[in-house]
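# Secondary and tertiary structure notes
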Amino acid sequence: MNYKMISYVLGCVLNIEAAAMVLPFLCAVLYDESAKWVFLLCAALCMVVGVPLVLARPKNKTMFAKEGFVAVALSWITMSIFGALPFVVSGCIPSFVDAIFETASGFTTTGASILNDVEALPKSLLFWRSFTHWIGGMGVLVFLVALLPLSGGDNFHLIKAESPGYSVGKLVPRVSSTAKILYGIYIVFTCLEVLLLKIGGLDWFESLTLSFGTAGTGGFGIVNSGIADYSSYVQVVITVFMTIFGIDFSFYYLILMRRIKSAFKLEEVWVYLGIVVTSVAVIFFNTRHLFEGAFETLKHSAFQVSSIITTTGYSTTDFDLWPQLSKTILVVLMFCGACAGSTGGGIKVSRILILFKSIIKEIKVLAHPKSTIKVKMNGRILEHETVRGVNMFFMAYMFIFTGVLIAISIDNLDFTTNFTAVVATLSNIGPGLSQVGPVCNFSLFSDFSKVILTVAMVIGRLEIFPILVLFSKNTWKR
Amino acid sequence: MNIIVVGLGKVGEKLVERLSREENHNITAIDIKRDVLQDTVNSYDVMGVFGSGASVDVLSEAGIEDTDIFIAATASDELNLFACLLARKLNSGCSTIARVRNPEYSKELHLFKEDLGLAMIINPEHTAANEIARALRFPSAVQIDTFAKGRVEILKFKIQQGSPLANLKVADIKNRLSSDVLVCGVERGDDAFIPGGDFVMEEGDFISIVATIKDAAAFIKKIGIKTNKVKDTIIVGGGATAVYLAKNLIKSGIEVKIIEQNQARCELLCDLLPKATIINGDGTENRLLLEEGIENAESFVSLTNIDEENVMLSLYAKTKTDGKVVTKINRIAYDEVIRNLGLDTIIYPKNTAAEYIVRFVRAKNNSIGSNIETMHYVLDGKAEALEFRIVENSPISNQTIESLSLKDDIIIACINRAGKIITPRGKDVILTGDRVIVVTTHKGFKDISDILR
């Protein structure tokens, strides 16, 4: 283990976090809130730890897959702890466990909150809360790689460990250029949404925070009612952008490069859009008695479906009151999640697709035991290793789901609450059903359960294995 | 620059490693072995495309349309040539480099070099043989690079026991040895330094010096290294490299004796190299080597296909003769170990081949953005020696070198003023039109102004 290199990466991450705190600081200055000192102090704290770590730049810069995993996992844990400081220092969330839950929920783009009254928070803290979504959406290490010329191909391990998907590839030969392109697309879409929301009559603060929440597929609102009280225009814009951010970013890159044919060959994108359309259609017919007129029904069902499948977690209506069929579909979508290579969470459409194809293959093999059939994706044969990796991921996801479910049931809440709370955190969605429904929050859980759910959020965001690697004895051997 | 490398064998991988270290290249590697491809993508900052280099689909996916240099380095000559042809068809603007080992092809290649857009043909055995021949002509200098159209050399050698250089300050060389050479780099263990005047050299260091050919020879003599050209050589192993080497050496009047095990091969060698002595026998047999006069041989080259055997043979030869011993190593994994064995010259065919290509890429790249004339890796690849032409109004011209605020780890090693070679000292002034050689451990310099703070 190259411990020095890992601490160097941690140092870089802390410095980026300090720099990120400058934005809420400016926000506090703008609204003349006392929280500005809080952000200065917290940024300074990050620097106090971060700068010495960066200055002790190691000579040996080699990082293998193991170091990549550990560096990413520890970065996310460190980020969540230091990111919680503004909430604690300002006194808005006095309990440290709550503050870390809230921050981890932000960085992992979950959007689950323990706050009963969001509106009581100063604007700068609301801004910080939403901004953590934006940072966590594309990933802080992707950002780091875009900025820092780390040596060789080793930095690819960082992106691999942080980015979602069954096989993380590059768009262009250079890792740092790939990271720059990803952030470029991310920033352009975010700006576009900010502008469209601004045109829709929101002020800059609202447009920015809501766009951060959408871009990162996070879901922190800035008012207690979520998105329900905004105009139809705003709701439609957010629906469209949530769907956009749930699509694999290489799709946009390919279109940008005018390789339209290759872009439209991405099976996952079509399946994703297919699932969205089908779910919207079913929910539309299932809920049309609840709303006035077809447009309202369509708007609400489309909003909720794209909010859940992209694991954003915004809501325009309390879908906990919807008929069972609609609710069940939403819960199933929570497991499914968005496309690999997007900012969304969950198991990912591509993995579901591969699992599905594997099952079909198995059935075919039963009919013709000696036949040679390979699972294909985007017209290419998938290696056995990849398929096995997907299977293992699914298994691990289910085991962790079960483990967390059992652990938090100690609080003695009803089954629906527990079940959806676990999937909402593990898949980085935010709201679940029943007592953690869209109009409720997670404050009813005990500290123990909150810690467990916090870990579940980070596990879900980093796609399980980077965190599990931390617990293996072999990882820490020299 | 956008570069495609097809085939990740020994040369291909080395090439990817070298090129990806330079900042301005986007490299795409193509191979038909998934695990090899995966390893490469995991180790270097490059993109991997799975498939054959002779497939249009694969080349398109690798982005052949925007490629500047296409390098085919698979094991098959025919595939390499075909891939280059295809690359040119898909993008007529790209330069292609093919690895062609079969001498029968390379002889006739000029006939269709133009059609294939072949900028360069690389033959690892041939380049390795050239490198060995160069080393044999200048014994004990471990590595020689030439600059300024051959007027200046960078020589690298080890400070032997009792050498007058041991425990000497770099600044004292001029007075103590009255020699106008410049120490441009020191390797001690795994570290490489660009020494200042106060640097004290130690026994066992590898010193790189810059000097004109005449000064270099005189200097080498002064510090007690024999400089006479070898008169004969024993080569063990009669492969392709041996043939190229023997041809080269015979041309410059060196007697060549080749020991080869395979009878049929011996007969072929006999036909190819009428002036060489061909011995049919096992080169690893001590008695045979003694019988063939290893004790009196002025040089010994081990070129069998087994690295371990080459190392053992060379170590044995070192105990029997004071002559120059050259060892060929195909795989490089134990670089550090081999270096500590005390073998003086080691040739890595894949490195030399990769180096040739990297030089070409550099030159090609320089013709677009920067003004580097030639570029060599020195100090075991840890430093670069760059030759710049000084254009008008250059920030370093018309002032004494002392007054320039240079970055650390940089040395101006040589000034070539219209063919006159000046070893730069603090009081010297660089003028417009000069060519200067800069040695530095920094990477990716593009312009002479990069050497300033």
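Residues numbered from 1 in each chain as written. Chains lettered and ligands numbered in written order. Predicted model: local features only at pLDDT ≥ 70, side-chain atom pairs only at ≥ 80, totals over all residues.

## Section: the overall build of chain A
Applied cut-off: Numbering of helices and strands runs from the N terminus; a helix is a DSSP stretch of H or I covering at least four residues, while a strand is a stretch of E covering at least two. Here the globule rule reads 2.2 Å times residues to the power 0.38, and the radius of gyration is calculated from C-alpha atoms. Labels follow a simple rule on C-beta atoms placed from the backbone: if 20 or more others lie within 10 Å of a residue's own, it is buried; if 12 or fewer, it is exposed; otherwise it is partly exposed.
Along the backbone of chain A there are 23 helices and 2 strands. Expected size for 478 residues packed as a compact globule is a radius of gyration near 23 Å; at 22 Å, chain A falls within 12% of this value. Viewed in the frame of its principal axes, chain A has a C-alpha envelope of about 65 × 60 × 50 Å. Out of the 478 residues belonging to chain A, those deemed buried represent 52%.

## Points about the overall build of chain B
Looking only at helices and strands, one finds 15 helices and 22 strands in chain B. Computed over C-alpha atoms, the radius of gyration of chain B comes to 23 Å, within 12% of the 22 Å expected from 2.2 N^0.38 for 453 residues, which places it in the range of a compact globule. Principal-axis analysis of the C-alpha atoms gives chain B an extent of 60 × 60 × 40 Å. Put simply, chain B has 453 residues, and 45% of those count as buried.

## Focus on the packing of helix α15 (residues 267–287) of chain A against helix α16 (residues 293–309) of chain A
Residues and elements named next belong to chain A. So the rule is basically this: Comment: axis = line fitted to C-alpha atoms, over the contacting stretch for helices; angle = value between 0 and 180 degrees taken between N-to-C directions. Here the angle decides the label: under 35 degrees means roughly parallel, over 145 means roughly antiparallel, 65 to 115 means roughly perpendicular, and every other value means oblique. Throughout, a crossing is termed right-handed when the near helix is turned clockwise from the far one, and left-handed when it is turned anticlockwise from it by less than a right angle. Here contacts are defined at the residue level, using C-beta atoms placed from the backbone and a cut-off of 7 Å between them. Residues are grouped as follows: Ala, Val, Leu, Ile, Met, Phe, Trp, Tyr, Cys and Pro are nonpolar; Asp, Glu, Lys and Arg are charged; every other residue, Gly included, is polar.
Where α15 contacts α16, the two axes come as close as 9 Å, and the packing angle between them is 135°. It follows from the interaxial angle that α15 and α16 lie oblique. Between α15 and α16 lies a crossing whose hand is right-handed. Where α15 approaches α16, its residues Ile275, Val276, Ser279, Val280, Ile283, Phe284 and Thr287 are matched on the opposing element by Thr297, Leu298, Ser301, Ala302, Val305, Ser306 and Ile309. Here the residues of the contact of α15 with α16 are counted per class, giving 9 nonpolar, 5 polar and no charged.

## Regarding the domain arrangement of chain B
The condition that has to hold: Note that domain bounds follow an automatic or database assignment of domains.
When its domains are assigned, chain B resolves into domain 1 (2–122), domain 2 (132–222), domain 3 (231–322) and domain 4 (372–451). Using only C-alpha atoms to locate each centre, domain 3 of chain B and domain 4 of chain B end up separated by 42 Å.

## Observations concerning the sheet that holds strand β15 (residues 299–302) of chain B
All names here are of chain B. The cut-off we apply is this: Two strands qualify as a pair provided that DSSP identifies no fewer than 2 bridges between them.
Strand order in the open sheet made by the 6 strands is β14-β13-β12-β15-β16-β17, with parallel pairing throughout. Lying at the two open borders of the sheet, with one neighbouring strand each, are β14 (277–280) and β17 (345–347). Neighbour-to-neighbour, the strand axes of the sheet open up by a mean angle of 15°, direction not taken into account. Of the strands in this sheet, β12 (232–236), β13 (255–260), β15 and β16 (324–328) touch helix α10 (residues 240–251), which is tilted by about 165° from β13. Contacting β13 and β14, helix α11 (residues 263–272) runs over the sheet at an angle of about 175° to β14.

## Structural notes on the interface of chain B and chain A
The interface is formed by 11 residues belonging to chain B together with 9 residues belonging to chain A. Counting residues per element, the ones that place at least two in the side of chain B that touches chain A are β2 (26–31) and α2 (34–43) of chain B. When residues in the side of chain B that touches chain A are grouped by element, the largest group, 4 residues, is from α2 of chain B. Of the residues assigned to the side of chain B that touches chain A, the class counts are 5 nonpolar, 4 polar and 2 charged.

## Details of the environment of Glu292 of chain A
By the secondary structure assignment, Glu292 of chain A is in the loop between α15 and α16. Residues Glu292 of chain A and Lys59 of chain A lie 233 residues apart in sequence; the distance between their C-alpha atoms is 67 Å.

## Looking at the confidence of the model for chain B
Which entries qualify depends on this criterion: The quantity called pLDDT is the predictor's confidence in a given residue, expressed from 0 to 100.
The predicted model of chain B averages 83 in pLDDT, with 94% of residues at 70 or higher. With pTM at 0.80, the complex prediction returns an ipTM value of 0.76.

## Here we look at the packing of helix α11 (residues 204–215) of chain A against helix α12 (residues 232–245) of chain A
Residue and element names in this part refer to chain A. Interaxial distance between α11 and α12 falls to 9 Å at its minimum, and their mutual angle equals 35°. Contacts from Leu210, Thr214 and Ala215 in α11 reach Ile238, Phe241, Met242 and Phe245 in α12. Of the residues belonging to the contact of α11 with α12, the class tally is 6 nonpolar, 1 polar and no charged.

## Observations regarding the pairing of β15 of chain B
Residue and element names in this part refer to chain B. Taking every second residue as pointing to the same face, both faces of β15 are buried, with Ser299 and Val301 on one and Phe300 and Ser302 on the other. Pairing of β12 with β15, which is carried by 3 bridges, proceeds in the parallel orientation. Each bridged residue has a counterpart across the sheet, and for Val236 the counterpart in β15 is Ser302. Here β15 runs beside β16; their pairing, made up of 4 bridges, is parallel. Following the sheet pairing, Ser299 is matched in β16 by Lys324.

## A short note on the sheet that holds strand β21 (residues 420–422) of chain B
All names here are of chain B. Here 5 strands make up an open sheet; going across it, the order is β18-β19-β22-β20-β21 and the pairing antiparallel. If you trace the sheet from one side to the other, it starts and ends with β18 (372–378) and β21, each paired once. Put simply, the sheet's adjacent strands are angled 20° from each other on average, direction ignored. With 6 bridges connecting them, strand β19 (residues 383–389) and strand β22 (residues 435–440) associate as antiparallel partners. Paired with Leu386 across the two strands is Val438, which belongs to β22.

## As for the nonpolar core
Residues and elements named next belong to chain A. What counts here: We call a set of buried Ala, Val, Leu, Ile, Met, Phe, Trp, Tyr and Cys residues a nonpolar core when their C-beta atoms link them within 7 Å.
Residues Val13, Val72, Leu141 and Leu453 are the most contacted members of the largest nonpolar core, which totals 136 residues. It is helix α1 (residues 3–20) that provides the largest number of residues to this core, a total of 11 residues. With residues near it in sequence (within four places) discarded, Leu141 still touches Val72, Ser75, Leu158, Ile159 and Glu162.

## Topic: the environment of Gly426 of chain B
All names here are of chain B. Mapped onto the fold, Gly426 is located in the loop between β21 and β22. Note: C-alpha distance between Gly426 and Ser403 (23 residues apart in sequence) is 8.2 Å. If near-sequence neighbours (up to four positions away) are discounted, Gly426 is found in contact with Thr400, Ile401 and Glu402.

## A word on helix α13 (residues 307–320) of chain B
We apply this condition: One less than the residue count of a helix, multiplied by 1.5 Å, gives the span that helix is expected to have.
With 14 residues, α13 of chain B should cover 20 Å at 1.5 Å per step; its first-to-last C-alpha distance of 20 Å lies within 8% of that length. Buried residues belonging to α13 of chain B abut β12, β15, β16 and α14 (335–339) of chain B.

## Observations concerning the pairing of strand β3 (residues 47–50) of chain B
All names here are of chain B. Definition in use: Handedness of a crossover is defined as follows: with both strands directed away from the viewer, a clockwise route from the first strand across the helix to the second makes it right-handed.
In terms of strand pairing, β2 meets β3 through 4 bridges, oriented parallel. Each bridged residue has a counterpart across the sheet, and for Ala29 the counterpart in β3 is Gly48. Chirality of the crossover, the property in question, places the unit of β2, α2 and β3 among those that are right-handed.

## Quick look at helix α13 (residues 249–256) of chain A
Because an α-helix completes one turn every 3.6 residues, residues spaced three or four positions apart along the sequence face the same direction. Residue and element names in this part refer to chain A. Looking only at α13, the buried set comprises Phe249, Ser250, Phe251, Tyr252 and Tyr253. Residues of α13 that are buried sit in contact with α10 (175–199), α14 (260–264) and α15. Phi for Arg258, located one or two positions after α13, is positive at around 60°.

## Regarding the environment of Ala119 of chain B
All names here are of chain B. Tracing the sequence through the fold places Ala119 in strand β6 (residues 118–122). A residue is classified by how many C-beta atoms lie within 10 Å of it, and Ala119, with 18 of them, is partly exposed. Sequence-distant contacts of Ala119, defined by excluding residues within four places in its chain, comprise Ser95, Thr96, Ile97 and Phe360.

## Quick look at unusual backbone geometry
Non-glycine residue Ile464 of chain A carries a positive phi angle of around 65°. Summarising the element assignment, Ile464 of chain A is placed in the loop between α21 (447–461) and α22 (465–470). The phi dihedral of Asp409 of chain B is positive, around 60°, even though this residue is not glycine. Examined against the element boundaries, Asp409 of chain B turns out to sit in the loop between β19 and β20 (410–417).

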